[in-house]
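Below, each chain spelled out in residue letters.
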Amino acid sequence: MKKESRRLVNCAALAICLVFIVLVYATLFQSNDLKLPGNEGGYRLSDSRSNLWSENINIDAVDSQEFLLRRLVRGDDRVRFESSGFSCHTDVHSEVFVANKPVRIFNKGLTVYVPHDDQPQVKRIVKPYARKEDETAMELVSPVQILHGNSTINPPPACNFTHNVTAVVFSSKGFTGNVFHELNEIIIPLFITTRHFRSRLKFVITDFELRWVRKYNRVLSHLSGYDVINPDDGSVHCFPGAVIGLKYHNNLAINITDIPGGYSMFDFKHFLKESYNLKTSHVSEIRKPVLMLISRRNSRRFLNEEDMVEMMEKLGFRVKRAEPEMMSNLDEFAEAVNTCSVMVGAHGAGLTNEIFLPTGAVMVQVVPLTLEWAATNYFGEPAKAMGLRYLEYTIEPEESSLFDAYGKDHPVISDPESVISKGYYAHRAVYVDGQDLKINLERFKKTLIEAKKILETSTPFNRKMGTTSVCSGPLLQNSLIHAGIVSIKIAMLVFLEAGRFNKGKPIVEVGSQSLTNWINNPLQRPWTWWKALADIDVLSSQCESISFLFTPFPGNETAYWLARDGANRSELFRAWW
């Protein structure tokens, strides 16, 4: 009986201890940023990785907010940032304000208070959308006022929600609804501005469009580990720092010299591949060529589309027609595009989906009359930067519906410059909105045959002549650079010992842009890594034809988290030949 009583007492004591531990944990580790949607005007992303983060996480292995924000500013802007904790950069496309100070966001997200005790309060107005030069787009974007300075006279309201990560404020308005503008002016600028934060930030979206947030849920959840905030409920949100506005480089473009981390459009394309869980990396993985034909319903329609499809099939392509309604579900459409070898379409927003094609795929743009510049700059040059092969088919006047509508002697056909000189809207009405296409099949057939030849010779690497090593690193001392260097040395030693370097041109694929640059360009090396990199130089000298290629791959994200958490892995890399 006594033993039974003692057992009951022990069980009760254990239960009390467990309850106590749970209560202590809940008290110590509670976080505003993990609340359910509705509690703070937030929207729970279905792919949200909020569970990976806690506001009380040990961030010793994570770069400080000041360091991350400072990487966004350069030149005189950096001088101002370091002296005052606040800077503003403006160019023809956008304005970006960076604050390494506690900020309060209120008035439905349209007012941001940034303290500064040494100066009277100054009001600045910004529209956080990356198309400042386009008045039509900017009319749709609500202005955000930034109150910077001493607020003794007019103090901001008290905080309703306090967050421990940086806020990034931008608008989901502008030309949303058009996939080109959505990617060009919001998604790519978001990547440029925030990728180096590695999800340690929170999006505050003004002009909140739930449809847009749902459409790009996967992208948002891979750039931020938290739910997005819809500030329309009037709550006051407090953050340790903020970025208001997004950096912009060019049409579907990223300038690797002006982005923290040196990312490129190829890296952005790989980021989308991870976000949408796309399976096909290189076009050579597709056995029978698959051609996606972008089918338009309004202007720039293919009037003989059925004949085009028949001709494509006779050439050996399996044809998928992409109707406008298919593109509304981006999650599914991205997967469909990723299974294709070739994309064909007339100049227009639908071609933006080239970004989901596998590396080495062929993009064929049919260029209507007078749209040569737009075709090359909006889709042609970006396609090349994404690792695609690009072909243009520029129509003859006889292939345009304008030829039949106006006749060969009308200025619309014989002197397009006379129409263009009347201004943007006159040109758009005729050549952009008023033109359809009837393709010369025999002439167009040559372009498709060229595309097919490209596919037949397209391989990620020649398996008979080359060796490829993919290194994700032994993870030591919480240093990703150290992990990368050691793993590359291990891989090179393995291949040297196996005699593989004598059988062709070896390629070492490295998951770090910085490390790749340092290996290939010794003058760019930081002095702290000179000795370690010199060891790679010695090994490289034993194989003169070796090359090092920056190739992002999913293992790098795993490597980052393992390194951050202090995991040790002695021989973690993959290689094949």
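Residues numbered from 1 in each chain as written. Predicted model: local features only at pLDDT ≥ 70, side-chain atom pairs only at ≥ 80, totals over all residues. Heavy atoms only, no water.

Colleague: Could you give me a rundown of the overall build of the protein, with the residues and numbers involved?
Modeller: Scanning the protein for helices and strands turns up 20 helices and 22 strands. Across the 577 residues of the protein, 51% fall into the buried class. In the form shown here, the protein has an accessible surface area of approximately 27100 Å², with 53% of it arising from carbon and sulfur atoms. (Helix = DSSP H or I, 4+ residues; strand = E, 2+ residues; numbered from the N terminus. Buried < 20%, exposed > 50% of the residue type's maximum accessible area, 1.4 Å probe, protein only. Areas by Shrake-Rupley, 256 points an atom, 1.4 Å probe, with all protein chains shown as cover.)

Colleague: Provide a residue-level description of the environment of Tyr-393, including the pertinent values.
Modeller: Residue placement: Tyr-393 occurs in strand 18 (residues 389-394). For Tyr-393 and Val-367, which are 26 residues apart along the polypeptide, the C-alpha to C-alpha distance reads 6.0 Å. With sequence-adjacent residues up to four places away left out, Tyr-393 is seen in contact with Gln-365, Val-366, Val-367, Glu-399, Ile-439, Asn-440, Arg-443, Phe-444 and Thr-447. (Contact = heavy atoms within 4.5 Å.)

Colleague: Residue-level account of the nonpolar core, with values.
Modeller: Within the largest apolar cluster, 105 residues are counted, with the highest numbers of intra-cluster contacts made by Phe-203, Phe-268, Val-344 and Phe-444. For this core, the leading source of residues is helix 5 (residues 179-194), giving 9 residues. With residues near it in sequence (within four places) discarded, Val-344 still touches Leu-291, Met-292, Leu-293, Ile-294, Met-312, Val-364, Val-366, Phe-444 and Leu-448. In terms of nonpolar packing, the next biggest core, distinct from the first, is built from 17 residues, Val-144, Ile-229, Phe-239 and Ala-242 among them. (Core = buried A, V, L, I, M, F, W, Y, C linked by side-chain atoms within 4.5 Å.)

Colleague: So, the sheet that holds strand 7 (residues 144-150): which residues are in play, and what are the values?
Modeller: Paired through their backbone hydrogen bonds, the strands of a sheet run either parallel or antiparallel. Taken together, 6 strands build an open sheet; the order of strands is 6-7-5-4-12-8 and the sheet is mixed. The sheet is open, and its two borders are formed by strand 6 (122-126) and strand 8 (161-162), each paired with just one other strand. Taken together, the 3 bridges between strand 4 (residues 103-106) and strand 5 (residues 111-120) define a ladder with antiparallel strand orientation. Across the sheet, residue Ile-105 finds its bridge partner in strand 5, namely Val-112. (Pairing = 2+ DSSP bridges.)

Colleague: Can you break down the sheet that holds strand 18 residue by residue, with the values?
Modeller: Reading across from one edge, 15-14-16-17-18 is the order of the 5 strands in this open sheet, with parallel pairing throughout. A single partner strand is all that each edge strand has here, and the edge strands are strand 15 (318-322) and strand 18. Neighbour-to-neighbour, the strand axes of the sheet open up by a mean angle of 20 degrees, direction not taken into account. For strand 14 (residues 290-294) and strand 16 (residues 342-346), the ladder comprises 3 bridges, and the chain directions are parallel. (Axes fitted to C-alpha atoms, helices over the stretch in contact; angles between N-to-C directions.)

Colleague: Can you lay out helix 11 (residues 372-385) for me, pointing to particular residues and giving the numbers?
Modeller: Over its 14 residues, helix 11 runs 19 Å from end to end, which matches the ideal 20 Å to within 8%, given 1.5 Å per residue. Considering bend angle alone, the principal kink of helix 11 is centred on Phe-379 and spans about 30 degrees; proline Pro-382 follows within four residues of it. Burial in helix 11 covers these residues: Ala-374, Ala-375, Phe-379, Gly-380, Pro-382 and Ala-383. Tucked into the core, helix 11 has its buried residues touching helix 5, strand 17 (362-367) and strand 18. (Expected span 1.5 Å × (residues − 1). Bend = angle between axes of the 7 residues up to and from the residue.)

Colleague: Explain the confidence of the model for the protein to me, and be specific about the residues and the numbers.
Modeller: The pLDDT averaged across the protein works out to 81; a share of 79% of its residues lies at or above 70. With pLDDT under 50 throughout, residues 1-39 is counted as low confidence; its partners more than four residues away or in other chains account for 28 contacts. Contacts from residues 48-62, a stretch scored under 50 in pLDDT, to residues over four places away or in other chains number 42 contacts. (pLDDT = per-residue confidence, 0-100.)

Colleague: Give a detailed account of the state of the cysteines, specifying residues and quantitative values.
Modeller: Using the criterion set out here, one finds 1 disulfide in the structure. Disulfide partner of Cys-159: Cys-238, at an S-S distance of 1.8 Å. Taking the sign of the S-S torsion, about -95 degrees here, the bridge from Cys-159 to Cys-238 comes out left-handed. Here the residue Cys-159 occupies a position in the loop between strand 7 and strand 8, and Cys-238 occupies one in strand 12 (residues 237-239), the gap between them amounting to 79 residues. In this structure Cys-159 comes out as partly exposed when scored by relative accessible area, which is 31%. Owing to a relative accessible area of 7%, Cys-238 belongs among the buried residues under this scheme. (Disulfide = S-S within 2.5 Å.)

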